[in-house]
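Topology and contacts: notes
Now for the letters of each chain:
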Amino acid sequence: MITSGKDSPKGGVSLRRFGSIGQVVARETSTILATFLGLLIVTFLIGRVVPIDAVLAVVGENASAEVYNNAKVELGLDKPLLTQFGIYLVKILQGDFGVSNLTGNPVFSDIATVFPATLELATLGTLIGVLIGIPTGVAAAVYRGKWIDHLARVVGLFGYSVPVFWLGLMGLLLFYAKLGWVEGPGRQSVAYADLLSPVTGVILLDAAVQGEWEIFWDAFYHLILPATLLGFFSLAYISRMTRSFMLTELQQQYVTTARVKGLSEGRIIWRHALRNAVAPLVAVIALSYASLLEGSVLTETIFAWPGLGRYITNSLLNADMNAVLGGTVVIGAIFIGVNLLSDIAGRLFDPRTR
Amino acid sequence: MSSSTARPPLLEIANLNVQFHSRVETVHAVRGLSFTLGRERLGIVGESGSGKSLTGRAILDLVPLPGRVSADRMTFMGQDLLAMSAKQRGALRGAHMSMVMQDPKFSLNPVMTVGRQIAEAYRAHSKMSGRQAEEHALHALESVRIRDPRRVYNLYPHEVSGGMGQRIMIAMVLAAEPELLIADEPTSALDVTVQMQVLAILDDLVKERGMGLIFISHDLPLVGAFCDRVIVLYSGQVMETLEASELAQAKHPYTQGLLNCMPDLNRRDDALPVLKRDKAWLA
Amino acid sequence: MTALRAYLLTDDAQSRMQSRLGQAYRRWLVLRGNPLAMVGLFIVITLLLVAAFAPLVATHDPIEQNLAHRLQPMSAEYWLGTDALGRDIFSRIVYGSRVTLFIVLAVVVTVGPVGLLIGATAGYFGGWVDTLLMRITDVFLAFPRLILALALVSALGSGLENAILAIALTAWPPYARVARAETMVVRKSDYIAAARMQGASAFRIILGHVTPMCVPSAIVRSALDMAGIILTAAGLGFLGLGAQPPLPEWGAMVATGREQVFDQWWVAAFPGLAICICALGFNLLGDGLRDVLDAR
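Note that this is a predicted model, so its numbers are computed, not measured.

**As for the packing of aromatic side chains**
This structure, assessed with the given rule, holds 17 aromatic pairs over all chains. For the pair Phe158(A) and Phe232(A), a centre-to-centre distance of 6.0 Å together with 55° between the ring planes defines the contact as tilted. Taken together, the residues span a long stretch of sequence, with Phe158(A) in helix α6 (residues 147-161) and Phe232(A) in helix α9 (residues 213-250) at a distance of 74 residues. Ring plane angle 45° and centroid distance 4.9 Å describe the contact between Trp79(C) and Phe90(C), whose orientation is recorded as tilted. Taken together, the residues Trp79(C) in the loop between α4 (54-57) and α5 (89-125) and Phe90(C) in helix α5 connect sequence positions 11 residues apart. Assessed through its relative accessible area of 17%, Phe90(C) is described here as buried. Here a set of aromatic residues connected by ring pairs shows up, and it is made of Trp213(A), Phe216(A), Trp217(A), Phe220(A) and Tyr221(A). The ring of Phe226(B) has Arg41(B) sitting right over it, with the charged end atom 5.8 Å from the ring centre.

See the structure below:
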């Protein structure tokens, strides 16, 4: 599911395009791998300066010196930093993320458990952001300076100004406590928890496939508030960028040409101008989706949402370095994947760069 | 200012003004321009910023915001342009009046094949199937002397040369056989070698179809050679209107200045004269 | 007044000073015509005034606890109610503006110049210097800003100074990006070539000729960024990693009200509203400034 975007560009792709895209992938991958390595180094270093003793976290406060030292050797913490990092890299390449000190589970399975929760939230949030954000941005650009532009601007700036954790709390207060329209924190009500055998881990999907509609709606009413919240932030960003791209495009000479040809405004806006803005827009949407996929710590905290952001944060605060580095690998992978995809999509949508 | 035809004038403009208001200042880009156009070739000449391009755009109702157009009289084939709604003006564009712009690199949509852009122009003004529009577009490409229309049809704008791009533009804006064509510096962005070729095509099509042409340029000798009549603009005002054949006898110091700032092999000058400008010319 | 206006708006300025003042005045006129930007300016000025005169504005001691009056609703005595320790929320918000402003200013002052310099250097030299610096920038951009700040704070220990340091370390990459882009445009221009031909050192060119060109966009960037900084700081405070109690930090105040949000909503609501209004003020102002300073 993580790489579900890979086959999203539509068919009709000619061989010529594949050839150049292969080169692009190779070049991009090499530069991004460097970024990835840097990311791991930074995380690793941060982990080493955290003033929490990772060994103590495993053996407990009352362990004897012998037990402590054994654990230290076992964890590889007695070796020089560079060696530790080297060992770690080799393990990652073998697909071994180690065991979390905090949960006692393999980090990989931990992440596999938490990621669907974030995926579910991020996908619905981005969907809301795109479906509302793009039309709003287009309208704001076309009616520049009119009331709809001002409204979009204020809503957008509000999205840039409001603290997530506060808006989340207020949302819970209003829609959950006062109005009772949605469910409270968590992914499911206690009564429904663990009734479903997880297939993808995305509860909405699993419940729908298995025909468990009661569970589906329960999960939906848990999901809708945090997803709308994230969708609002995504909408603020996407509509602003759409407006700015559209303003640029609408000033281009080819738009004047389209007017000279006597085309209708609708055709000029949607078929000419927006079509030219698609490539940068894809990059924007990808970026916003990636930032949500990497886990929104505050939203997940407020809504007690067991996702990636909360997992990394908790691990970090408990000096669970295997988990933190594992999380970093996932973030790096998302970053690489999204960069690559948006680059490829950009090239597919713009004949000049094919 | 006699018109060469007996028919009512194609375009009549009296006291055209284009102004840009901003909070800080008002720029008066075109001031009190008047002229009458028959089925002839009229040149409008001036430096950049003289208001010549805006004049063309005002006729087409394409002056960008916050520009404001006003005039005492603006008629096109007897219809009052000033009384029309924006939508009616839009319906005139392409069908009855059209424009070629300076640089085909920017005036063609970069993400649409040139063929589809031409076909789109056909479909905008008459009901026809996609197949028919494609046929027309291929024919149009042929009429601007493009040898392999089928191949060119599927090219993107960045894949064609400047000269070919401009021929494509011409084919596109002439799709609906407009009565009036405004050519805004149509060859300034092209190599000198293809300039003449493009001009020749333009000239043929205009003559063939009996269109009126407004040719906007900064190049006075070129306009003199190509047009019947020339209007010289300075700072949004008409300095002089003359028959192209009498260009050499221009009386106005600004027109003379424009002519003299071209180097001449038969003239011995140590330095090219600098164009003289005088605020007193502006009434 | 009209003489001054004429002096400022003249087309042929007599001195460099006059033309600069004239340009500034024209920009001000444009900015003044944007009502949203004026609202932003009003909010920012109010924030500055409230912070400066906090002791005069506040009605109570922001730290003094009064357990007899805990969780009071809004009243004439406690305008915005009291928190779980009986402290006046209005007064804490007033004093909290000082904390917020301090964080914002400290971050911008450190980050702006550093980011500019890194970006200008990368853009000017190009080649491997550019590649290296931009890779480092990418590393910092790839990581979610709050998680990175969290990691840094947990490594350095919680507290106001460390929070500022952590935010600064996560905030510079966008500046570097902007400065690099601007530099790439300027780099090939004739006046840089002229400076080089006169024998100016790379350092001198970057500092004296390239960086100033990036300043307008950096100003816009930082005006818009201040809101982001306020939000990151508040986020850290909310998670308990920013300013430590009893210092009245808005994010931390929301966190203390989280427990009672369904019953005593005002404890969490008002500090959050304060964050929102301040960030909105900076955003509106920055947005208006961008229209004025960036021609695009």
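**Considering the UniProt feature "transmembrane region" (unreviewed entry) in chain C**
Residues and elements named next belong to chain C. When the UniProt feature table is mapped onto this chain numbering, "transmembrane region" (unreviewed entry) sits at residues 36-58, 99-126, 146-172, 223-244 and 264-286. With 96% helix and 0% strand, the stretch residues 99-126 has end C-alpha atoms that lie 40 Å from each other. Taken end to end, residues 223-244 has its terminal C-alpha atoms 27 Å apart, with 73% of it in helix and 0% in strand.

**Let's talk about the interface of chain A and chain C**
Taken together, the contact between chain A and chain C spans 44 residues of the former and 42 residues of the latter. Summed over both sides, the interface between chain A and chain C buries roughly 3700 Å², with carbon and sulfur atoms accounting for 78% of that surface. If you look at where chain A meets chain C, you find 2 salt bridges. The partner of Arg240(A) in a salt bridge is Asp287(C), and the shortest N-O contact between them spans 2.8 Å. Summed over the shared surface of chain A and chain C, the result is 8 residue pairs in polar contact (both at pLDDT 80 or more). Among the secondary structure elements, those contributing two or more residues to the side of chain A that touches chain C are α1 (15-49), α6, α7 (164-178), α12 (297-302), α13 (308-317) and α14 (321-349) of chain A.

**What about the UniProt feature "domain: ABC transmembrane type-1" (unreviewed entry) in chain C?**
UniProt feature "domain: ABC transmembrane type-1" (unreviewed entry): in the numbering of this structure it lies at residues 97-286 of chain C. Regarding residues 97-286 of chain C, the helix share stands at 84% and the strand share at 0%, and the terminal C-alpha atoms are separated by 19 Å.

**Some thoughts on the environment of Gly235(C)**
Residue position: Gly235(C) is located in helix α10 (residues 202-238). We classify Gly235(C) as buried; its relative accessible area is 0%. Remark: the alpha-carbon pair of Gly235(C) and Leu150(C), spanning 85 residues in sequence, is separated by 9.5 Å. Beyond its immediate stretch of four places on either side in the chain, Gly235(C) contacts Phe165(A) and Leu298(A).

**Re the packing of helix α5 (residues 107-142) of chain A against α14(A)**
How two helices sit against one another is set out by the angle between their axes and by the gap between those axes. Residue and element names in this part refer to chain A. Between α5 and α14, the least distance of the axes is 10 Å, while the angle of their chain directions is 55°. Put simply, α5 runs oblique to α14. Both α5 and α14 take part in a crossing whose hand is right-handed. Here Val107, Ile111 and Phe115 of α5 come into contact with α14, specifically with Asn322, Ala323, Gly326, Gly327, Val330 and Ile334. The residue makeup of the contact of α5 with α14, split by class, is 6 nonpolar, 3 polar and no charged.

**Notes on unusual backbone geometry**
Residues and elements named next belong to chain B. Cis geometry marks the peptide bond from Leu65 to Pro66, where omega comes out at 0°. Looking at where Pro66 falls in the secondary structure, it is placed in the loop between α1 (52-60) and β4 (67-70). One non-glycine residue, Asp61, adopts positive backbone phi at about 65°. As for its position among the elements, Asp61 is in the loop between α1 and β4.

**Considering helix α6 (residues 127-142) of chain C**
Its 16 residues place the ends of α6(C) 22 Å apart at the C-alpha level, agreeing with the 22 Å of an ideal helix rising 1.5 Å per residue. Val129(C), Asp130(C), Leu133(C), Met134(C), Thr137(C), Asp138(C), Val139(C), Phe140(C) and Ala142(C) are the residues of α6(C) that are buried.

**Some details on the domain arrangement of chain B**
Residues and elements named next belong to chain B. What the domain assignment reports for chain B is domain 1 (1-96 + 178-264 + 272-283) and domain 2 (103-177). Computed over C-alpha atoms, the centres of domain 1 and domain 2 are 26 Å apart. Taken together, the 20 residues of domain 1 in the interface contact 15 residues of domain 2. Here domain 1 meets domain 2 over a buried area of about 1400 Å², counting both sides, of which 66% is carbon and sulfur. Applying the counting criterion to the domain 1 and domain 2 interface returns 2 salt bridges. Asp204 serves as the salt-bridge partner of Arg145, at 2.4 Å between the closest nitrogen and oxygen. At the junction of domain 1 and domain 2, the tally comes to 3 residue pairs in polar contact (both at pLDDT 80 or more). Here the side of domain 1 that touches domain 2 gets 9 residues from one element, more than from any other, and that element is helix α8 (residues 192-209).

**A short note on the pairing of strand β11 (residues 237-243) of chain B**
Residues and elements named next belong to chain B. Note: strand β10 (residues 229-234) against β11, 6 bridges, orientation antiparallel. Each residue of the ladder has a partner; that of Ile231, found in β11, is Thr241. The loop that links β10 with its antiparallel partner β11 comprises 2 residues; one of these, Ser235, has a positive phi angle of about 50°.

**With respect to the sheet that holds strand β3 (residues 41-45) of chain B**
All names here are of chain B. Strand order in the open sheet formed by 6 strands is β7-β8-β9-β3-β10-β11, with mixed pairing between adjacent strands. Looking at which strands have only one partner, the edges of the open sheet turn out to be β7 (97-100) and β11. Taking each pair of neighbouring strands and ignoring which way they run, the sheet shows an average axis angle of 20°. Where helix α10 (residues 253-260) meets the sheet, it contacts β3, β10 and β11, and its direction lies at approximately 100° from that of β10.

**Remarks on the side chain of Thr257(A)**
One can find Thr257(A) in helix α10 (residues 253-260). The residues touching Thr257(A), leaving out its near neighbours within four places in the chain, are Met101(B), Ser107(B), Met169(B) and Met172(B).

**A look at helix α7 (residues 162-173) of chain B**
Residues and elements named next belong to chain B. Relative to the 16 Å expected for 12 residues at 1.5 Å per residue, α7 spans 16 Å between its end C-alpha atoms, a close match to the ideal helical length. With 11 of 12 residues buried, α7 is to be regarded as a mostly interior element. Those residues of α7 not exposed but buried are Gly163, Met164, Gly165, Gln166, Arg167, Ile168, Met169, Ile170, Ala171, Met172 and Val173.

**A closer look at the pairing of β10(B)**
Within a regular strand, side chains alternate between the sheet's two faces. Residue and element names in this part refer to chain B. Most of β10 is tucked away, with 6 of its 6 residues classed as buried. Bridging between β3 and β10 involves 4 bridges; their strand directions are parallel. Looking across to β10, one finds that Gly43 is bridged to Val230.

**Concerning the pattern of salt bridges**
In the structure shown here, the tally under the stated rule is 24 salt bridges over all chains. For Asp130(C), the salt bridge is made with Arg180(C), and the minimal N-O distance between the two is 2.7 Å. In this pair, Asp130(C) sits in helix α6 while Arg180(C) sits in helix α8 (residues 160-187), placing the two residues 50 residues apart along the sequence. One salt-bridge network, held together by shared partners, links Arg153(A), Arg240(A), Asp287(C) and Arg290(C).

Cut-offs applied
Residues numbered from 1 in each chain as written. Chains lettered and ligands numbered in written order. Predicted model: local features only at pLDDT ≥ 70, side-chain atom pairs only at ≥ 80, totals over all residues. Heavy atoms only, no water. Phe/Tyr/Trp six-rings, centres within 6.5 Å; stacked < 30°, edge-to-face > 60°. Helix = DSSP H or I, 4+ residues; strand = E, 2+ residues; numbered from the N terminus. Buried < 20%, exposed > 50% of the residue type's maximum accessible area, 1.4 Å probe, protein only. Lys NZ or Arg CZ within 6 Å of the ring centre and 35° of its normal. UniProt positions renumbered as here; feature names shortened; annotations may be inferred. Contact = heavy atoms within 4.5 Å. Buried area = accessible area lost by both parts, 1.4 Å probe. Salt bridge = Lys/Arg side-chain N within 4 Å of Asp/Glu carboxyl O. Polar contact = N/O pair within 3.5 Å; in protein donor to acceptor, adjacent residues only side chain to side chain. Axes fitted to C-alpha atoms, helices over the stretch in contact; angles between N-to-C directions. Parallel < 35°, antiparallel > 145°, perpendicular 65-115°, else oblique. Left-handed = near helix turned anticlockwise from the far one by under 90°. Nonpolar A, V, L, I, M, F, W, Y, C, P; charged D, E, K, R; others polar. Expected span 1.5 Å × (residues − 1). Domains from an automatic or database assignment. Pairing = 2+ DSSP bridges.

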